[in-house]
Amino acid sequence: MPLFSSSKQEKKVKVTFANGLLFVEKPDGKQQAFPLEWFPKLMNATDEEREDWKQTATGIHFNALDIDVAL
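What counts as what
- Residues numbered from 1 in each chain as written.
- Predicted model: local features only at pLDDT ≥ 70, side-chain atom pairs only at ≥ 80, totals over all residues.
- Heavy atoms only, no water.
- Pairing = 2+ DSSP bridges.
- Helix = DSSP H or I, 4+ residues; strand = E, 2+ residues; numbered from the N terminus.
- Axes fitted to C-alpha atoms, helices over the stretch in contact; angles between N-to-C directions.

Chemist: Explain the sheet that holds strand E1 (residues 14-18) to me, please; I cannot follow it from the model alone.
Modeler: In a beta sheet, neighbouring strands are held together by backbone hydrogen bonds and run either parallel or antiparallel to one another. The antiparallel open sheet is built from 3 strands, whose spatial order is E1-E2-E3. Of all the strands in the sheet, the pair left with one neighbour each is E1 and strand E3 (31-35). The average undirected angle you get between the axes of adjacent strands in this sheet is 20°. Across 5 bridges, E1 lies against strand E2 (residues 21-25) in antiparallel orientation. Bridging from a neighbouring strand, Thr 16 pairs with Phe 23 of E2.

Written as structure tokens, this is what we have:
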């Protein structure tokens, strides 16, 4: 019987925004904070643009904004 895998990648980190910061929480519970001043396009982005991201081998890529955040 063949095995099938989903083409969707499971997101292993949690991304939130608050008080001018981007927070990334890893599966082990550790959290990193990045000032949005470092990413002006992300600071001025809509909620939809901020929610359109994928986890990569090196961090997070915001698709609509073409921004990479290394973790």
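Alright, that's what it looks like, and here's the rest.
Chemist: I'm lost on the sheet that holds strand E5 (residues 59-62) in this one. Help?
Modeler: One open sheet holds the 3 strands; their spatial order is E4-E5-E6, and the pairing between them is antiparallel. Every interior strand has two partners, whereas the edge strands, strand E4 (53-55) and strand E6 (67-70), have only one. The mean inter-strand angle of the sheet, taken between neighbouring strand axes irrespective of direction, is 20°. Bridge analysis of E4 against E5 gives 3 bridges, and the strand direction is antiparallel. Residue Trp 53 lies in a different strand from E5, and its bridge partner there is Phe 62.

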